[in-house]
Amino acid sequence: MVQIVVGANWGDEGKGKVTDLLAEKSSVVVRFQGGANAGHTIINEYGKFALHLLPSGVFHQNVTNIIGPGVALNIESLLSELHALEERGVPAPKLLISDRCQVMMPWHVDFDRFEEERLGKQSFGSTKSGIAPFYSDKFAKVGLQVCQLYDAKLLRERLAIALVKVNCLLEHLYHKPTLDVETVAREMEAQAEKIRPMVADTTRFLHEADKRGEVILLEGQLGTLRDPDHGIYPYTTSSSPLAGYGPVGAGVPVRSVQEIYCVTKAYSSAVGAGPFTVRLHGDEAENLRRRGGDAGEYGATTGRPRDVGWFDAVATRYGVQVQGATQVVVTNLDVLGYLDEIPVCVAYETADGRRITDFPATPELMGCKPIFERLPGWKCDIRGIRDYDALPENCKRYVDFIEKAVGAPVTMVSNGPRREEMLYRK
Ligand code: GDP
């Protein structure tokens, strides 16, 4: 049985915490897309961790963690994350890497940086972790799968093909030194040796686990609005963070998917470039940013201050629908306890003055302004409350509003960053 945790918005919704929590009752946790370009914050008995590539099940000894074929595998990043866990006393997790997973090559990270330099102000807000060049090579069929790193001849043949174009760009577009096949081959072979014991046919493993009726949890990175097809293109990522892509990027049968948990914050936050209709400025933004998350709204991977805004019902309803959510998890509800009244964006006004409630494509979105309504605040700290019914009435009304606005049942509400701070709504 497959369950999927995905984000409704721009990423950073709190998926890591939800996955960590659901992992307790799962046998397998799988990353199915993305790479080390975003982070999941997890706070548990071992301390606080920002995971980038590792699945959020690594804190549970009963869980097999899998890096699926859809992931952009940066081997060095993965090893340093594993090392960081070991240093902090976390027992070695069970981890398998798909032999079909493609690997981040040295030029991918460089190209990301060179390309952002070349585009200057027109850049798309990349985290410079090589993700866009990686997926470009993958779909241009010049990428390298993990399994290809263990065949010396094949590796060199594949590199020779890839490097013709890579070197052309390095020399003539970016004016940088070129790469040679043998140096790159040896570097990749050294990396490949370090992960050899973890490499496996994870698709077979997952199909067998599924047949035994085990719970398999797929963990998405980023959120709906960063999807290359359905998001705010071109301010998107380069692989699909949608639940629909989960079975593909993980390697599980689509018919086994039973639950799609779509996570949203009780307000909005976004990192990187692109339209963010509810963006706040000045003191109003700083007041929210400072209180948000577990230590203010700053990116888990990049440390960049996140843009913040009030809950956006237009974007979130779209996000929840596109994910096909069977249930919605609202996080960071505790953050809003300082407000007398809480603005919520219920519609957009387009550049030509129309009121719309359906999330538009990017060119129209660029000209939209938010239309707000105000809901009464609850003016108290709700952290420490352990029972949904014990929440203040206005707080429950706020959750009712979100449920109605997004059109899917809100089943869980998070009132603090720690694992145990989760309320279950009947
Ligand atoms: P992810 O990428 O979706 O896993 O999200 P991140 O980990 O990047 O961002 C979520 C932030 O919210 C982190 O700082 C979490 O520790 C924090 N967080 C999650 N749930 C809650 C909550 O209910 N309340 C508060 N205050 N912080 C939360």
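Note that the coordinates shown come from a computational prediction; the quantities given were computed from them, not determined experimentally.

Criteria and cut-off values
- Residues numbered from 1 in each chain as written.
- Predicted model: local features only at pLDDT ≥ 70, side-chain atom pairs only at ≥ 80, totals over all residues.
- Heavy atoms only, no water.
- Helix = DSSP H or I, 4+ residues; strand = E, 2+ residues; numbered from the N terminus.
- Rg over C-alpha atoms; globule rule 2.2 N^0.38 Å.
- Buried < 20%, exposed > 50% of the residue type's maximum accessible area, 1.4 Å probe, protein only.
- Areas by Shrake-Rupley, 256 points an atom, 1.4 Å probe, with all protein chains shown as cover.
- Lys, Arg positive; Asp, Glu negative; His and termini not counted.
- Charge placed at Lys NZ, Arg CZ, Asp CG, Glu CD.
- Core = buried A, V, L, I, M, F, W, Y, C linked by side-chain atoms within 4.5 Å.
- Domains from an automatic or database assignment.
- Contact = heavy atoms within 4.5 Å.
- Polar contact = N/O pair within 3.5 Å; in protein donor to acceptor, adjacent residues only side chain to side chain.
- 1 Å grid on protein atoms, 1.4 Å probe; cavity = no way out; pocket = protein on both sides within 12 Å on 5 of 7 lines; lining within 4 Å.
- Points joined across faces, edges and corners; volume = space filled by probe spheres on them.
- Nonpolar A, V, L, I, M, F, W, Y, C, P; charged D, E, K, R; others polar.

Draft legend 1. Layout of the overall build of the chain. Tallying secondary structure elements over the chain gives 12 helices and 20 strands in all. The C-alpha atoms of the chain give a radius of gyration of 22 Å, which matches the 22 Å a tight globule of 426 residues would have. For the C-alpha atoms alone, the extent of the chain along its principal axes is close to 65 × 50 × 40 Å. Burial analysis of the chain (426 residues in total) assigns 58% to the buried set. As presented, the chain carries roughly 17400 Å² of accessible surface, and 51% of it is formed by carbon and sulfur atoms. In the chain, the 49 positive side-chain charges and the 55 negative ones have mean positions that sit 1 Å from each other.

Draft legend 2. Region of the structure containing the nonpolar core. In terms of nonpolar packing, the biggest core is built from 42 residues, with Leu73, Leu78, Ile97, Val103, Trp107 and Ile195 touching the most fellow members. Among the elements of the structure, β4 (47-51), α2 (75-87), β7 (94-98), α3 (106-119), α5 (152-173) and α6 (181-195) are those that each provide at least two residues to this core. Ranked by the residues each element gives to this core, the list is headed by α5, at 6 residues. The two domains that each donate at least three residues to this core are domain 1 (2-100 + 199-261) and domain 2 (102-195). Those residues in contact with Leu73, other than ones at most four positions away along the chain, are Leu53, Ile67, Leu78, Ile97, Cys101, Gln102, Val103, Met104, Phe134, Val146 and Ile195. In terms of nonpolar packing, the next biggest core, distinct from the first, is built from 41 residues, Ala313, Tyr398, Val406 and Val413 among them.

Draft legend 3. Structural view of the side chain of Ser129. Tracing the backbone shows Ser129 in the loop between α3 and α4 (131-139). Accessibility expressed as a relative area gives 15% for Ser129, which makes it buried. Not counting the four nearest positions on each side in its chain, Ser129 is found in contact with Ala36, Asn37, Met104, Val109 and Asp112.

Draft legend 4. View of the environment of Tyr267. Locating Tyr267 in the fold gives a position in the loop between β11 (257-265) and β12 (268-270). For the pair Tyr267 and Thr224, spaced 43 residues apart in sequence, the C-alpha separation works out to 16 Å. With near-sequence residues (within four places) excluded, Tyr267 lies in contact with Leu288, Gly292, Gly293, Glu297, Gly309, Trp310, Phe311, Asn332, Val335 and Leu336. Of note is the side chain of Tyr267, whose polar atom sits 2.4 Å from the side chain of Glu297.

Draft legend 5. Seen up close, the layout of surface pockets. In this structure, the second largest pocket encloses a volume near 480 Å³. Along the walls of the second largest pocket sit 29 residues, with Gly14, Thr41, Gly293, Asp294 and Arg306 positioned nearest its centre. Looking at side-chain class alone, the lining of the second largest pocket contains 7 nonpolar, 12 polar and 10 charged residues. Shared between two domains, the lining of the second largest pocket holds at least three residues of each, these being domain 1 (2-100 + 199-261) and domain 3 (264-424).

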